[in-house]
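The chain contents come next:
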Amino acid sequence: MVVVDGRILGKPADTANARAMLRLLSGRSHTVCTGVCLLGPGWREQTDCVFTEVWMRPLSAEDIETYVTSGEPMDKAGAYAIQGLGARFVERISGCYYNVVGLPLARLTAMLSEAGYS
């Protein structure tokens, strides 16, 4: 999920919602949170949440309209994909890039190691 000002942004309900989310994220930072749960036979459940801070450059109305028209924002939390066309909006991140994509690989690998897998 994407969190800005204590507000959780899921996937946009429609194109108007996608535009509103992108306007909210424009020119500022937000936090991406991804929950990870590891379950397996014979070992305890492991859960964690990984946080990454993302800074977006200011977006023009044209930037937003062109991006929403591409269709990419419609199934993405916060209405953008860092691994796709939305990458051009991201100025910098602090934390795990793969967390923003959707699966914090370093944390998952550590959890698997703790469970005895290499």
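Each remark here, short or long, concerns the structure printed above.
Everything quoted here is computed from the prediction, not taken from an experiment.

Teacher, can you tell me more about the nonpolar core here?
Grouped burial of nonpolar side chains is what soluble globular proteins tend to show. In this structure, L22, L25 and Y80 are the most contacted members of the largest nonpolar core, which totals 21 residues. Of all elements in the fold, only β1 (2-4), α1 (15-25), β4 (43-56) and α2 (61-70) reach the threshold of two or more residues within this core. If one sorts the elements of this core by residue count, α1 sits on top with four residues. Excluding residues within four positions of it along the chain, Y80 makes contact with L22, L25, H30, V32, V54, M56, Y67, P73, V90 and V100.

Would you take a moment to explain α2 for this structure?
One full turn of an α-helix is made of 3.6 residues, so residues set three or four places apart face in the same direction. Considered for burial, the residues of α2 that qualify are D63, I64, Y67 and V68. Along the axis of α2, the buried residues cluster in a sector spanning 120°; they form a single face. Exposed residues lying more than 90 degrees from the buried face of α2 are A61, E62 and T69. Those residues of α2 that are buried lie in contact with α1. Once α2 ends, the next one or two residues include G71, with phi positive near 90°.

Help me understand α1 in this model?
The set of residues buried in α1 consists of A18, M21, L22 and L25. Down the axis, α1 shows its buried residues gathered within 95° of arc, on one side only. Residue D14 occupies the N-cap position of α1, its side-chain oxygen lying 3.2 Å from the main-chain nitrogen of A16. Once α1 ends, the next one or two residues include G27, with phi positive near 70°.

Conventions we followed
- Counting from 1, residues in each chain are numbered in the order their sequence is written.
- Two thresholds apply to this predicted model, a pLDDT of at least 70 for residue-level local features and 80 or more for giving and counting side-chain atom pairs, whereas whole-chain, interface and lining totals are computed over all residues.
- Side-chain metrics in this entry use all non-hydrogen atoms of the structure; hydrogen atoms and water are not considered.
- Put simply, buried Ala, Val, Leu, Ile, Met, Phe, Trp, Tyr and Cys residues joined by side-chain atoms within 4.5 Å make one nonpolar core.
- In this scheme, a residue with accessible area under 20% of its type's maximum is buried, one over 50% is exposed, and one in between is partly exposed, where area comes from a 1.4 Å probe on protein chains only.
- The helix count covers DSSP runs of H or I at least four residues long, the strand count covers runs of E at least two residues long, and both are numbered beginning at the N terminus.
- Contact between two residues is taken to exist if any of their heavy atoms lie within 4.5 Å; hydrogens are not considered.
- To be clear, the arc concerns the directions from the helix axis to the C-beta atoms.
- The definition of a polar contact used here is a pair of N or O atoms within 3.5 Å, where within protein one atom must be able to donate a hydrogen and the other to accept one, and adjacent residues in sequence count solely through side-chain atom pairs.

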